[in-house]
Amino acid sequence: MLTRDSWWWSGSAGCWEVGDRDRQGAWGAGGKERPANPRGCMEHVPAGLVPHEVLVVPPQLALLYEEVLYTIRHRLGKPEHHHVADSQELYAYVQKAFGMDAEEHSIIMQQVKELESPIFCLKATVKEAKGILGKDVSGFSDPYCLLGIETKSQEPVHPDHKKRMKAVVKDLIPEDQIHRTQVISQTLSPVWDETFILEFEDMETASFHLDMWDSDMVESVRHKLGELTDLHGLKRIFKDARKDKGQDDFLGNVVLRLKDLHCWDDRWYQLEPRTETYPNRGQCHLQFLLTHKKRATTSSRTQPSYTVHRHLLQQLVSYEILQHQAGSISWDGELSQHASTVLYLHATQKDLSDFHQVMAQWLAYSKLYQSLEFNSNCLLHQITSIEYQWVQERLRPEQKAELAESFQSLLTYGISLIRRYRIIFPLSVPRSTERLQSLLRVLVQMCKMKAFHELCMLSPDLPQMVSMALKVVGTGESLSIQYKLFLPLLLLEVIGDLQQWMMVLCCCCVVGEADAFIHRDGPLALSNFHQWFKEAVPQWLQKAYTIALERAQRAIQMDQLTPFGEHNKHSTSTVDLSTCYAQIVKTWQQLNWPDPEEAFMIMVKLVEDMCKIALMYCRLIKERAEALSLSEQNEGEAANRLCIVVNNIKQLRLLILKLPLQLDWAQLVERTEAVIDQQQIQHTLHNQLDSAVSCLDHEVRDVVQALPTVLCPSPHCALPNASLLSLQSIIPLMKFLESELQYLNEHLVQENFKSLLALLWHHTLAVLSAAAGQQVPSTQCYKKLHCALKSLELCFYAEGCGLPLETLHTAAFLSLETHLALCSSTSRKLIQKYFSNRIQQQLDTSSEKYGAVTIKALYRPSEQKLRVEVLNAVNLIPLDSNGSSDPFVQLTLEPRHQFPEVVARTTQCKRNELHPLFDEAFDFLIPPEKCRQEGACLLLTVFDYDTLGANDLEGEAFFPLCHLPGLDADEDQADTGRVPQTRLPLTHPKPTGDEILRLLESRKGDKEAQAFVKLRKQRAKQSKETDPAP
């Protein structure tokens, strides 16, 4: 624990500096364990027994103590069963953990009581619902939720009012405090996943209310009759006729007392009825978090929540470690109930994410490990959690730098411990080996982290660093222990050492054997004996070629093209041919011709003959398969024989490719380097071999391309043509592919099977592309085609056993998939995609030929408010006859279906200005999750005001809401002046539109799509852009 004498601040990072303690002090010179004491603590004096005259509380310690007392005093929620419920126990615990005496505790506690209470907040997330009632004639509903906090008693206003109140939220909660989710159309299992922040004052009297309603729009009787499916639907029509037009139906509600909630709750709640007519109205999934806003402590007002939490964590953890060491017990990483309760309360009240809590734990633990003695395995949990949740964009630059510094610091400290392993981990102390292995495991896992590689500029070579640290002179015992401990890290290095030892042993054996022969009479030496056989070698080579050729021909004539073994997919002729090749290779090895130049000529002849035999074999084996098929007229057997032919040729190809190694071309090159140029060897041997392999590949392709014809000899069993393909033929296509591919997989080796798969895949893509190009009546048809494409992709991929993804994802596939995905999307999804494309075009635009508009935008999470300041516009194009313009800016949040309740805003009109200065601010109330949705943007349209007729378009700019400053911040940014200005070039739409607009325009029955296309067409008519030349 960092006491008064050891406390000092490390600058802007807000970390405590702790000295690097020599680990020898933890065990003593004689190896006996004694309690650890961090540098700066008073020796032999426990923290709670320091004399009063030296107790001067440092300012930062007092501020942190104020923060923890404030957290306990304003605790929210029902205590968890594993937490401490008594606040007095928590006060007593933190007093000990901070080393405060009664007087100091009383003074700071009085200061805390005088501080203003925080604003209590309920962070409520409406996740989803299931089993709700169907109120529409179609049997479904269009549900939405109204929610808020009611602070008064729930008793009815009138004593005779016995029925459950229907409009709880509308009747009891002020309108400006009611929050509303979006409407989910035609479903009984809606999914919202929307978060709202609700403020309240008193936990004891406040209650949470949620009403679920079915949104009813005014529809014609003709439209309702079109949706009629059964008698119940007809009853609903008559019931709707008795209601007021547009009146929503009540689906159920949830009422909860806040004092019954935990700090964090995630549950399914039963929807309660208004009457007993439908008692079972389904369930609603809600998530709650009780938090604070505007905490009055100095730490909360001046420092980020994440930094304060880390400081508190480090103080409590250091106290826990010293408590264990005082009792001669090693700390295992488990915090006491009191510490866990305090940290949990602080994290929830500050609304810290799980990721930032793990980050704080890692920074605190890794820092404390360098000063206090505890098991390094405690760091593994934080490493795993950071790795699992790692997203670099979650961190600010200073947090990234802090995390990178912690990695480097721990790595340096760990290597320093390994360098002194005899002192730090002596064999005389029990469990030294386990402690050293634990340290190594932590360092290895840390260096493997994605966060480590992304944040640390230079990735260290950990095995090399450990190896350098271990380069010490020691006894044989210590060296053996080193190899035992560090084998997982230095495996590659050890393997290299073993190989060197084997080479030395072999050398020793050879030298010993040579020494043994040195005293013996050597064998009779013959010189130039190969000259005796020089004239006969060409004749022998020709005779060998003739015999091998005849043997191959006889083998083909006897071959019935059936697998010669149960687990073999080749026929008997390949066995005979491989035997011929093996005999030729063995003869070359035994010949061992001494003259290098003549040896090279012999090699050329051998390779030429073996390639000729291979090509002859391909021609004859194909003729043999054709002859057998004509004699039997069996289509299945014909396909089977072609599979055997492909396998045989592939096997022959493998034999050819092994020749350079079997004939030892590398040794021949060394022998002939003085007399034969390397390029000559390349042009003769290698080119000859490559030419043969190319011919074999061509033969395989010919046979594979002939296989579909043999499999599908008639139009009825062939793959469907594009002109005949319909949605009903997808299933037959899948069944055909499944049966035929299974057959081919059984009769082809893997490489040949994949070659055939590639051809079938290209053909299938062509069929689907032709079908997609035809006129398809609805998006449902496109969805089926898209589903078929994805199913075929999975079929051909076969969980990694079929074609690789890079082969499947050809340009034709990607184009078809994109087209089908667009055509099968809903109109709202297409509109979102349109704005995503316009946002990307905006980001890619640098030209300001239509001018530019400058804004400042800031999002405040606590208020769920977007503030936009329109500063100015520059370089606008003149649209009036006087050579000027009357510009104003219209601000809208797009797509409109995501922000239905947000109205458009406009600035004032500036007369006769091409560089207008607006300097106007606008506020929009929107939840943060809507800002992160696809295509969400702020559309700024600059118009030239016209008194008569429509306003002229100056240009438009798109600002993505997902890039809003402050959107991902834990707290509101205090100084709006520090928000950077954003200069957006104005753009004009293309006159001809794009593919998405054409798709939307083709959906004649979709009013929302037609309205959107109409608006964009109006903008396109005013566009100054021209279509590119063809």
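Residues numbered from 1 in each chain as written. Predicted model: local features only at pLDDT ≥ 70, side-chain atom pairs only at ≥ 80, totals over all residues. Heavy atoms only, no water.

## Focus: the confidence of the model for the protein chain
Caution applies to low-pLDDT parts of the model: their predicted coordinates are not meant to be read in detail.
Consideration 1: Looking at the protein chain as a whole, its pLDDT mean stands at 77, while 76% of the residues score no less than 70.
Consideration 2: By mean pLDDT, the top-scoring element of the protein chain is strand β11 (residues 887–894) (95), and the lowest-scoring one is helix α1 (residues 24–27) (34).
Consideration 3: Contacts from residues 1–56, a stretch scored under 50 in pLDDT, to residues over four places away or in other chains number 126 contacts.
Consideration 4: Segment residues 241–245 is flagged for pLDDT under 50; beyond a separation of four residues in sequence, or across chains, it makes three contacts in the model. (pLDDT = per-residue confidence, 0-100. Helix = DSSP H or I, 4+ residues; strand = E, 2+ residues; numbered from the N terminus. Contact = heavy atoms within 4.5 Å.)

## Let's talk about the packing of aromatic side chains
Consideration 1: One pass over the full model with this rule turns up 14 aromatic pairs.
Consideration 2: Taking the centre distance of 5.5 Å and the plane angle of 80° together, the rings of Tyr834 and Phe835 count as edge-to-face. Neither Tyr834 nor Phe835 differs from the other in exposure class; each is buried.
Consideration 3: In this arrangement the basic side chain of Lys612 is found over the ring face of Tyr545, its NZ or CZ atom lying 6.0 Å from the centre.
Consideration 4: When the ring centre of Phe924 is taken as origin, the NZ or CZ atom of Arg905, which lies over that ring, is 4.9 Å away. (Phe/Tyr/Trp six-rings, centres within 6.5 Å; stacked < 30°, edge-to-face > 60°. Buried < 20%, exposed > 50% of the residue type's maximum accessible area, 1.4 Å probe, protein only. Lys NZ or Arg CZ within 6 Å of the ring centre and 35° of its normal.)

## A look at the nonpolar core
Consideration 1: Phe98, Trp362, Leu403 and Met446 are the most contacted members of the largest nonpolar core, which totals 83 residues.
Consideration 2: A per-element tally of this core places helix α11 (residues 354–369) first, with ten residues.
Consideration 3: With 55 residues, the next largest nonpolar core counts Leu606, Tyr617, Ile621 and Ile656 among its residues. (Core = buried A, V, L, I, M, F, W, Y, C linked by side-chain atoms within 4.5 Å.)

## Here we look at the environment of Leu938
Consideration 1: Structurally, the position occupied by Leu938 is in strand β14 (residues 937–944).
Consideration 2: For Leu938, a relative accessible area of 0% puts it in the buried group.
Consideration 3: Sequence separation of Leu938 and Thr892 is 46 residues, and the distance between their C-alpha atoms is 5.9 Å.
Consideration 4: In contact with Leu938, other than residues within four places in its own chain, are Ile855, Val868, Leu891, Thr892, Leu893, Ala957, Phe958, Phe959 and Leu961.

## A closer look at the sheet that holds strand β1 (residues 119–130)
Consideration 1: In space, the four strands of this open sheet follow the order β4-β1-β8-β7, with antiparallel pairing throughout. Strand pairing shows two members of the sheet lacking a second neighbour, β4 (191–200) and β7 (264–270), which therefore form its edges. Across the sheet, the axes of successive neighbouring strands diverge by a mean angle of 20°, strand direction being ignored.
Consideration 2: Here β1 runs beside β4; their pairing, made up of eight bridges, is antiparallel. In the strand pairing of β4, Cys121 is matched with Glu199.
Consideration 3: Helix α10 (residues 337–349) rests against β7 and β8 (283–293) of the sheet, and its axis sits at about 95° to β8. (Pairing = 2+ DSSP bridges. Axes fitted to C-alpha atoms, helices over the stretch in contact; angles between N-to-C directions.)

## Structural notes on the side chain of Glu793
Consideration 1: Mapping Glu793 onto the fold places it in helix α29 (residues 779–797).
Consideration 2: At 2.9 Å, the side chain of Glu793 and the side chain of Lys790 are in polar contact.
Consideration 3: Every residue in contact with Glu793, bar those within four places of it in the chain, is listed here: Trp761, Leu805, Leu808, His809 and Phe813. (Polar contact = N/O pair within 3.5 Å; in protein donor to acceptor, adjacent residues only side chain to side chain.)

## Here's the deal with the state of the cysteines
Consideration 1: For the structure on display, the rule yields zero disulfides.
Consideration 2: The closest cysteine sulfur to the non-disulfide-bonded Cys284 is located on Cys145, 5.2 Å from its own sulfur.
Consideration 3: No disulfide involves Cys611; its nearest neighbouring cysteine sulfur is the one of Cys695, lying 9.1 Å away. (Disulfide = S-S within 2.5 Å.)

## Some remarks on unusual backbone geometry
Consideration 1: The linkage connecting Glu894 with the following residue, Pro895, adopts the cis geometry, with an omega of -10°.
Consideration 2: Locating Pro895 in the fold gives a position in the loop between β11 and β12 (905–906).
Consideration 3: Phi is positive for Asp193, close to 55°, though the residue is something other than glycine.
Consideration 4: Within the secondary structure layout, Asp193 lies in strand β4.
Consideration 5: Non-glycine residue Gln864 carries a positive phi angle of around 50°.
Consideration 6: Within the secondary structure, Gln864 is located in the loop between β9 (852–860) and β10 (865–874).

## Focus on the packing of helix α34 (residues 995–1002) against helix α35 (residues 1007–1021)
Consideration 1: α35 packs onto α34 with a crossing angle of 135° between their chain directions and a minimal axis gap of 8 Å. Classed by the angle they form, the pair α34 and α35 counts as oblique. Where α34 crosses over α35, the handedness of that crossing is left-handed. Contacts between α34 and α35 involve Leu997, Leu1000 and Glu1001 on the former and, on the latter, Ala1009, Gln1010, Phe1012, Val1013, Arg1016 and Lys1017.
Consideration 2: Tallied by class, residues from the contact of α34 with α35 come to five nonpolar, one polar and three charged. (Parallel < 35°, antiparallel > 145°, perpendicular 65-115°, else oblique. Left-handed = near helix turned anticlockwise from the far one by under 90°. Nonpolar A, V, L, I, M, F, W, Y, C, P; charged D, E, K, R; others polar.)

## A short note on the side chain of Asp214
Consideration 1: Along the chain, Asp214 turns up in strand β5 (residues 207–214).
Consideration 2: Residue Asp214 is classed as buried on the basis of its relative accessible area, which comes to 0%.

## Re the packing of helix α2 (residues 59–73) against helix α3 (residues 87–97)
Relative placement of two packed helices is described by the angle separating their axes and the distance separating the axes.
Consideration 1: Closest axis-to-axis distance for the α2/α3 pair is 10 Å, and the angle between their directions is 170°. As summarised for this structure, α2 and α3 are arranged roughly antiparallel, according to the angle between their axes. Two secondary-structure elements touch here, α2 through Tyr65, Val68, Leu69, Ile72 and Arg73 and α3 through Ser87, Leu90, Tyr91, Val94 and Gln95.
Consideration 2: Of the residues that constitute the contact of α2 with α3, the class distribution is seven nonpolar, two polar and one charged.

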